[in-house]
Amino acid sequence: MDQRNAPSTSVIGSVAVFGRMIKLSHSVFALPFALAGAALAARTHGIEWQQVAWIVVAMVSARSAAMGFNRLADREMDAENPRTRDRALPRGWITPRAVAVIVAACSLLFVFSAYQLNPLCLKLSPLALLVILSYSYFKRFTWATHLILGFALGIAPMGAWIAVTGTFDPAPLWLSAAVLTWVAGFDIIYACQDYAFDVSHGVHSIPRRLGIRPALLTARLLHAATVMILLAVYQVFELQALYLCGTALVTGMLIYEHTLVRADDLSKIDVAFFNMNGLVSVVYLAFMLGDILWPI
């Protein structure tokens, strides 16, 4: 066997391959929205740096567990898909057992993080794990899988709110709804590149159900809803002008994202998916914090 294709046998090697496999750096998608939820809660409840640290640990460990579990559940499917057959598990660069162990460790770290935050977080942590791990199987029986992924990431702002306040409040559900529609929209765009594979292998998705052109229209409508919900957040939390400037920038980036992808040209999906959406979440958090810390 080519040494490059041999399974990693060391703990450090397996963790390194796992980190590359799940694209650990892409935690930037949901983490800023979680921190935005924490910042909104801190306006009335205050916040300590330890809470921020444990929120970050909880978010990164939960996302790592979810992505690792997804790769594990999809390893046979990934091996058949030309786009994904070079991923670590299909190529044998890491063993399924190693992935399962790391996923379990990340899940335990998430629960421990919840324990460090407050009792309500700890009580809700198994439910949160169930949601983010079960997403991997929805593509096998429903086209609504993109909305399920949006819901899984959308609980992040509410989770961060609970981490700070120790209580449930309906107000941050607006921010959760914005994340849901935003994630569902860009996941539909990303799924368009697997349209032919989904059709031939019975994988459920909105592109497969509607076709690529209507699917891209659906993504646009979801992102239009995202902008409207972000404006509702402005009203609900009585934010200021800087927040509106940030929302305007986010709107522009979402519009630009959709100009990159056409039904007859999907070549720029990676730019639209990875670059623009990572920027959307960071810009949103930056302007949210600016609005809270330096209101105009």
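For the structure itself, consult the block above.
Small disclaimer: the values here were computed from a predicted structure and weren't measured.

Asks: Honestly, the pattern of salt bridges in this entry has me stumped. Any pointers?
Replies: Where charged atoms from two side chains of opposite charge come close, those side chains can pair. If you walk through the whole model with that rule in mind, you get seven salt bridges. Close ionic contact of R262 with D265 constitutes a salt bridge, the shortest N to O distance being 3.9 Å. The exposure class assigned to D265 is partly exposed, which follows from its relative accessible area of 23%.

Asks: Would you explain the packing of helix α9 (residues 173-191) against helix α12 (residues 212-236) in this entry?
Replies: The description of two helices packed together rests on the angle between their axes and the distance between the axes. At a minimum axis distance of 8 Å, the contact between α9 and α12 shows a crossing angle of 160°. Classified by the angle between their axes, α9 and α12 sit roughly antiparallel to one another. As α9 packs across α12, the resulting crossing turns out to be left-handed. The residue inventory of the contact of α9 with α12, partitioned by class, reads 19 nonpolar, five polar and no charged.

Asks: Which parts of the structure should I look at to understand the nonpolar core?
Replies: Soluble globular proteins tend to pack their nonpolar side chains together in the buried interior. Core analysis: the largest hydrophobic core is formed by 63 residues, its most contacted members being I55, L175, W182, V250 and Y284. With sequence-adjacent residues up to four places away left out, L175 is seen in contact with F33, A36, G37, L40, P157, L230, V233 and Y284. Counting residues in hydrophobic clusters, the runner-up holds 24 residues, among them A88, A98, V99 and F110.

Asks: I would appreciate a short explanation of helix α14 (residues 269-293) in the present structure.
Replies: At 3.6 residues per turn, the α-helix brings residues three or four places apart onto the same side. Between its terminal C-alpha atoms α14 stretches 36 Å, which fits the 36 Å expected from 25 residues at 1.5 Å a residue. A maximum bend of about 25° is found in α14 at M276.

Asks: In this structure, what is going on with the environment of F141? I would like to understand it.
Replies: Its location among the elements puts F141 in the loop between α7 (119-138) and α8 (145-165). Sequence spacing of F141 and Y115 is 26 residues, and the spatial spacing of their C-alpha atoms is 34 Å.

Asks: Any chance you could explain the state of the cysteines here in plain terms?
Replies: Each disulfide consists of a covalent bond between the sulfur atoms of two cysteine residues. Counted under the stated rule, the structure contains zero disulfides. Distance from the sulfur of C106, which forms no disulfide, to the nearest cysteine sulfur (C121) is 18 Å. On the basis of relative accessible area, C106 is assigned to the buried category, the value being 13%.

Asks: For this particular structure, what's the right way to read the packing of aromatic side chains?
Replies: The geometry of an aromatic ring pair comes down to the distance between the two centres and the angle between the two planes. Counting across every chain of the model gives 10 aromatic pairs. With a centroid separation of 5.0 Å and 45° between ring planes, the pair formed by F33 and W182 is classed as tilted. Here F33, found in helix α2 (residues 31-45), pairs with W182, found in helix α9; they are 149 residues apart in sequence, far enough to count as distant. In this structure, F33 and W182 share a single accessibility class: buried. Ring plane angle 55° and centroid distance 6.0 Å describe the contact between W161 and F237, whose orientation is recorded as tilted. Separated by 76 residues along the polypeptide, W161 in helix α8 and F237 in the loop between α12 and α13 (241-259) bring together distant segments of the chain. Classification of F237 as buried rests on a relative accessible area of 7%. Taken together, the ring pairs connect F33, W182, F186, Y234, Y243 and Y284 into an aromatic cluster.

The rules behind the values
- Residues numbered from 1 in each chain as written.
- Predicted model: local features only at pLDDT ≥ 70, side-chain atom pairs only at ≥ 80, totals over all residues.
- Heavy atoms only, no water.
- Salt bridge = Lys/Arg side-chain N within 4 Å of Asp/Glu carboxyl O.
- Buried < 20%, exposed > 50% of the residue type's maximum accessible area, 1.4 Å probe, protein only.
- Axes fitted to C-alpha atoms, helices over the stretch in contact; angles between N-to-C directions.
- Helix = DSSP H or I, 4+ residues; strand = E, 2+ residues; numbered from the N terminus.
- Parallel < 35°, antiparallel > 145°, perpendicular 65-115°, else oblique.
- Left-handed = near helix turned anticlockwise from the far one by under 90°.
- Nonpolar A, V, L, I, M, F, W, Y, C, P; charged D, E, K, R; others polar.
- Core = buried A, V, L, I, M, F, W, Y, C linked by side-chain atoms within 4.5 Å.
- Contact = heavy atoms within 4.5 Å.
- Expected span 1.5 Å × (residues − 1).
- Bend = angle between axes of the 7 residues up to and from the residue.
- Disulfide = S-S within 2.5 Å.
- Phe/Tyr/Trp six-rings, centres within 6.5 Å; stacked < 30°, edge-to-face > 60°.

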